[in-house]
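Here is what each chain is made of, one letter per residue.
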Amino acid sequence: MKRIIEGKRYDTEKAIEIGSASNSHPGDFNWWEATLYKTPRSGVFFLAGEGGPMSRYAMTIGQNEWAGGERIDPMTKDEALKWAEKYLDDDTIEEHFGDSIEDA
């Protein structure tokens, strides 16, 4: 998936994949799947996802009509870390966000 958002190109084919998460399965209206990426050149984080008509990726196709969709959401490093903490394992978080993690 590739999108240009506010003059910046986000391309899942060229970005570094950090990790993925999903819920349910594609037949479920609430289904979604998302992958966290980091651009190799500038280190910008983004989330590429798709989902069913009752997910955050839903698209309107008419008055009160929804369909599944897909999109890219740019993220700050803090937003990406929070998403990673919720959905990814500790080793992956340490690998990609080690400089942002402190000992308790």
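Structure report, in brief.

Cut-offs used in this document
- Residues numbered from 1 in each chain as written.
- Predicted model: local features only at pLDDT ≥ 70, side-chain atom pairs only at ≥ 80, totals over all residues.
- Heavy atoms only, no water.
- Phe/Tyr/Trp six-rings, centres within 6.5 Å; stacked < 30°, edge-to-face > 60°.
- Helix = DSSP H or I, 4+ residues; strand = E, 2+ residues; numbered from the N terminus.
- Buried < 20%, exposed > 50% of the residue type's maximum accessible area, 1.4 Å probe, protein only.
- Pairing = 2+ DSSP bridges.
- Axes fitted to C-alpha atoms, helices over the stretch in contact; angles between N-to-C directions.
- Patch = residues over 30% accessible without salt bridge, like charges linked within 9 Å, V, L, I, M, F, W, Y side chains within 5 Å.
- Areas by Shrake-Rupley, 256 points an atom, 1.4 Å probe, with all protein chains shown as cover.
- Salt bridge = Lys/Arg side-chain N within 4 Å of Asp/Glu carboxyl O.
- Lys, Arg positive; Asp, Glu negative; His and termini not counted.
- Charge placed at Lys NZ, Arg CZ, Asp CG, Glu CD.
- Contact = heavy atoms within 4.5 Å.

Inspection of every chain in the model, using the stated rule, returns five aromatic pairs. Between Y10 and F46 the ring centres are 5.3 Å apart and the planes differ by 70°, which places this aromatic pair in the edge-to-face class. With Y10 in strand β2 (residues 8-11) and F46 in strand β5 (residues 45-51), the pair connects residues that are 36 residues apart, well separated along the chain. Y10 sits in the buried class, given a relative accessible area of 5%. Aromatic ring contacts, followed pair by pair, group Y10, Y37 and F46 into a single cluster.

Checked against the element boundaries, T39 lands in the loop between β4 (32-38) and β5. Accessibility expressed as a relative area gives 12% for T39, which makes it buried.

Next up on the list: the sheet that holds β5. Read from one edge of the open sheet, four strands run β3-β4-β5-β8, paired in antiparallel fashion. Each edge of the open sheet carries a strand with a single partner, namely β3 (16-23) and β8 (69-75). The average angle at which neighbouring strand axes cross in this sheet is 15°, direction not considered. When β3 meets β4, the two strands line up antiparallel, connected through seven bridges. Counterpart to S20 in the pairing with β4 is T35.

On the surface, a cluster of negative charge is contributed by E85, D89, D90, D91, E94, E95, E102 and D103. Tallying contributions element by element places helix α2 (residues 90-97) first for the negative patch, with four residues. Here D103 shows up in the segment after α2. By relative accessible area, which is 79% here, D103 ends up exposed.

We now examine the side chain of D11. You can see D11 is positioned in strand β2. Buried charged residue D11 carries no salt bridge. Nearest counter-charge: K14, at 4.4 Å. With sequence-adjacent residues up to four places away left out, D11 is seen in contact with M1, K2 and F46.

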